[in-house]
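A structural walkthrough
Okay, here's what each chain looks like letter by letter:
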Amino acid sequence: MLYQIIPLEMGSLVEREIYRKSNMEIKCGLVWKLGSVITPHKPTFLKTYNPAVGICLEDLKGAEISDTYNGEKVIYFSETVPEDLQEELTDIFYGISHKYSGPHQAVFEDLDWSLEKVESFIFGQLEVKELKEEDLAAYK
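Keep in mind the model is a prediction, meaning the values are calculated, not measured.

Parameters and conventions
Residues numbered from 1 in each chain as written. Predicted model: local features only at pLDDT ≥ 70, side-chain atom pairs only at ≥ 80, totals over all residues. Heavy atoms only, no water. Helix = DSSP H or I, 4+ residues; strand = E, 2+ residues; numbered from the N terminus. Buried < 20%, exposed > 50% of the residue type's maximum accessible area, 1.4 Å probe, protein only. Salt bridge = Lys/Arg side-chain N within 4 Å of Asp/Glu carboxyl O. Phe/Tyr/Trp six-rings, centres within 6.5 Å; stacked < 30°, edge-to-face > 60°. Pairing = 2+ DSSP bridges. Contact = heavy atoms within 4.5 Å.

1. A short note on unusual backbone geometry
- One non-glycine residue with positive phi stands out, namely S22, at about 45 degrees.
- Following the sequence through the fold, S22 ends up in the loop between β2 (13–21) and β3 (24–39).
- A relative accessible area of 71% places S22 in the exposed class.
- Here the phi dihedral of D112 falls at roughly 70 degrees; this positive angle occurs in a residue that is not glycine.

2. Some details on the pattern of salt bridges
- For the coordinates displayed, the defined rule picks out 6 salt bridges.
- Across the pair R20 and E25 runs a salt bridge, and its minimum N-O distance is 2.6 Å.
- A relative accessible area of 36% means that R20 is categorised as partly exposed.
- According to the relative accessible area criterion, E25 is buried, its value standing at 17%.
- Residue E119 is joined to K117 by a salt bridge in which the shortest nitrogen-to-oxygen separation is 3.7 Å.

3. Focus: the packing of aromatic side chains
- According to the stated counting rule, one finds 3 aromatic pairs in the structure shown.
- Plain terms: the ring middles of Y19 and F108 are 5.1 Å apart, the flat faces sit at 90 degrees to each other, and that makes the pair edge-to-face. Pair noted here: Y19 is in strand β2 and F108 is in helix α2 (residues 104–110), with a separation of 89 residues, a long-range link.
- Centroid distance F93 to Y94: 5.1 Å. Interplanar angle 75 degrees. Geometry classified as edge-to-face.

4. Looking at the pairing of strand β1 (residues 2–7)
- The element β1 is extensively covered by neighbouring structure, given that 6 of its 6 residues are classed as buried.
- Residue alternation in β1 divides its side chains into two sets, L2, Q4 and I6 and Y3, I5 and P7, and both sets are buried.
- Here β1 runs beside strand β7 (residues 126–131); their pairing, made up of 6 bridges, is antiparallel. Of the residues in β7, the one forming a bridge with I5 is V128.

5. What about the environment of M10?
- Residue placement: M10 occurs in the loop between β1 and β2.
- Along the sequence, M10 and I65 sit 55 residues apart, while their C-alpha atoms lie 15 Å from each other.
- Among all residues touching M10, those that are not within four sequence positions of it are K33 and L34.

Okay, here's the thing in structure tokens:
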């Protein structure tokens, strides 16, 4: 049996990467306008779930993002990242840099930024659906 967890508010499914270099930090990733999460384990977290805080998919046994629609790339910097460096890293992240090419992950690492963590979150009001046998083929 599979369970589908669906955020009911747009933009409530997020994939985030955290990079660090000395005292500086980059948080970047995708905010999905719509999407859902699939897990083979019945969700039990709803009793203590706080929609304002959400939950990390890592904390949901067997959970993975299944459907996603209209992802928007976003990037944020700690206050310790100088403005000119923010501009350069933003251009790299969005793939518009004239100086660097390739995926932002590779370029950030080439520039000595360490990938510290990759996380996915859902937050806001959620709906949980039990998928029927005929629905299972779409997720295998």
